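Listed below are the residues making up each chain.
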Amino acid sequence: MKNKIKLVSITLFTCIALISCGTKNNNPDSTTSESTALTPTITEKGVVPFVIGQSIMNIPPKGGFYDTITLNRRYGVIMGDHYVEIEENEIDDYYKTMGSDYYEPNDIIGTATVFSGNDTVMIVTYDESGEIYNIEVYSSKLKLDNGIHTGLSSEELFSQYQAMFLTTDGFSGESWQVYHVPGVPQNISLCAYRNDTERCQWYYDIIGTPEPDRSTFKCVKEDDDGYSPIFSVPLNFCKKNSIRKITITKDINNMFLL
């Protein structure tokens, strides 16, 4: 079973690499007018040509707003009672530690990091069949149709877009912070954190001094369907924050659905 999973994974990722290299070297004019647009719009479907539900194998290796794509994979595994994701170079140590076919990976997760020069434009996540299901946008050059992009500050978002800064409490040992803007598609999140490390503490615990009374954080959504309560943070406590990444997911993010 272990060898079968590895073989399927290796075959898929080898095909992706070969197709990408072939397109890059032999057919540089194969990109469509949509994919070569310098500033495609971020929509609930993604950022053309990176579209939710489409295959990563159909993405040209170069486009108008990017010049390099690197591929990697992670494994979703069970350690004790916890589901964790480990890097490809950690899988052999995982097998040695767990020592049983019972602990085969639950998921094989592909990631495509999209670059423009040395700048990370986005990270695209896809399943073992190659289907894209999550996109994280980091470049401020890519915008929603209302002009929102990474780098916008809390003050700009509050004044120009009637935004709210929302935070969970220490839900499952972590805390998430996003901006809620009326009219933004429900499967798009405007995140105030860039990676997992930045979201480990409840926002109340990291804002510094002077500390507000806890009642300053208004609860705008009670604990519901297993999700943490959601609190709204006043502007004076989040002025230093900004959009760090914009995520587009296959499904609606119910956690911050108000």
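Parameters and conventions
Residue numbers here run from 1 along each chain, matching the order of that chain's written sequence. pLDDT decides what is reported in this predicted model: residues at 70 or higher carry local features, side-chain atom pairs at 80 or more are listed and counted, and totals for whole chains, interfaces and linings draw on all residues regardless. As a rule here, side-chain values come from all non-hydrogen atoms in the structure, and water together with hydrogens is ignored. Criterion used throughout: strands pair if DSSP finds at least two bridges between them. Every helix listed is a DSSP run of H or I at least four residues long, and every strand listed is a run of E at least two residues long, numbered separately from the N terminus. Salt bridge, as used here, is a side-chain nitrogen of Lys or Arg placed within 4 Å of a carboxyl oxygen of Asp or Glu. Burial classes follow relative accessibility: with a 1.4 Å probe on protein chains only, a residue under 20% of its type's maximum area counts as buried, one over 50% as exposed, and anything between as partly exposed. What we call a nonpolar core is a set of buried Ala, Val, Leu, Ile, Met, Phe, Trp, Tyr and Cys residues that are connected through their side-chain atoms within 4.5 Å. Residue contacts are counted whenever heavy atoms from the two residues lie within 4.5 Å of one another. Polar contacts, as counted here, are pairs of nitrogen or oxygen atoms within 3.5 Å of one another; within protein the pair requires one atom able to donate a hydrogen and one able to accept it, and residues that are adjacent in sequence qualify only if both atoms are side-chain atoms. Across the chain, each position has a pLDDT score giving the predictor's confidence in that residue, from 0 to 100. When we speak of the arc, we mean the arc of directions from the helix axis to the C-beta atoms. Helix axes use the C-alpha atoms of the stretch in contact, all axes being lines fitted to C-alpha atoms, and the angles between their N-to-C directions lie in the range 0 to 180 degrees.

Caption draft 1: Highlighting the pairing of strand β11 (residues 177-180). Bridging between strand β10 (residues 164-168) and β11 involves four bridges; their strand directions are antiparallel. The residue bridging F165 from the neighbouring strand is Y179, located in β11. Pairing geometry for β11 and strand β12 (residues 188-191), over two bridges, is antiparallel. When the sheet's bridge partners are listed, Y179 is paired in β12 with L190.

Caption draft 2: Geometry of the pattern of salt bridges. By the definition in use, this model includes five salt bridges. With its nearest N and O atoms 3.8 Å apart, the salt bridge here joins E174 to R199. With E174 in the loop between β10 and β11 and R199 in the loop between β12 and β13 (218-221), this residue pair connects regions lying 25 residues apart in the sequence. The pair E174 / R199 is uniform in exposure class, with both members buried. E198 is the partner of R244 in a salt bridge, and the nearest nitrogen-oxygen pair spans 3.0 Å. Here the residue R244 occupies a position in the loop between β14 (230-233) and β15 (245-249), and E198 occupies one in the loop between β12 and β13, the gap between them amounting to 46 residues. One network of salt bridges, in which partners are shared, links E174, D196 and R199.

Caption draft 3: Examining the nonpolar core more closely. With 42 residues, the main nonpolar core has I42, F50, M122, V124, I135, I148 and L190 as its most contacted residues. Counting residues per element, this core draws most heavily on strand β7 (residues 119-126), at four residues. Ignoring anything within four residues of it in the chain, the contact list for F50 reads K45, I59, F65, Y66, I69, V114, M122, V124, I132 and I135. Ranked by size, the runner-up nonpolar core spans eight residues in total, among them L166, Y193, I230 and M255.

Caption draft 4: Up close: the environment of S228. Along the chain, S228 turns up in the loop between β13 and β14. What makes S228 buried here is its relative accessible area of 3%. For the pair S228 and T167, spaced 61 residues apart in sequence, the C-alpha separation works out to 9.5 Å. Setting aside its immediate chain neighbours within four residues, S228 contacts T168, D169, F171 and D223. A polar side-chain atom of S228 sits 2.6 Å from a polar atom in the side chain of D169.

Caption draft 5: Focus on the side chain of S242. Residue position: S242 is located in the loop between β14 and β15. When its relative accessible area of 18% is taken as the criterion, S242 is described as buried. The residues contacting S242, other than those within four sequence positions of it, are G151, L152, S153, S154, Y179, C191 and A192.

Caption draft 6: Seen up close, the confidence of the model for the protein. Averaged over every residue, the pLDDT of the protein is 82; the share at 70 or more is 81%. When the criterion is pLDDT under 50, residues 1-12 qualifies, and its contacts beyond four places in sequence or with other chains add up to 19 contacts. Predicted confidence is poor over residues 14-37, with pLDDT under 50, and the contacts of this stretch with residues over four places away or in other chains come to 28 contacts.

Caption draft 7: Representation of the side chain of S55 within the structure. Tracing the sequence through the fold places S55 in the loop between β3 (50-51) and β4 (68-79). By relative accessible area, which is 17% here, S55 ends up buried. Among residues more than four places away in sequence, those in contact with S55 are G130 and E131.

Caption draft 8: Focus on helix α3 (residues 154-161). Every buried residue of α3 is listed here: S154, L157 and Y161. The buried residues of α3 occupy an angular sector of 90 degrees when the element is viewed end-on, so they sit on one face. Here the buried face of α3 lies against β10 and β11. Phi for Q162, located one or two positions after α3, is positive at around 55 degrees.

Caption draft 9: Highlighting the sheet that holds β14. Taken in spatial order, the 11 strands of this open sheet run β5-β4-β6-β7-β8-β15-β12-β11-β10-β14-β13, and their pairing is antiparallel. For this open sheet the edge positions go to β5 (82-87) and β13, each flanked by a neighbour on one side alone. Direction aside, neighbouring strands of the sheet carry axes that sit 30 degrees apart on average. Pairing of β10 with β14 involves four bridges; the strand directions are antiparallel. Along β14, the bridge assignment pairs T167 with F231. On top of the sheet, helix α2 (residues 91-98) reaches β4 and β5; it is set at about 10 degrees to β4, its chief contact.

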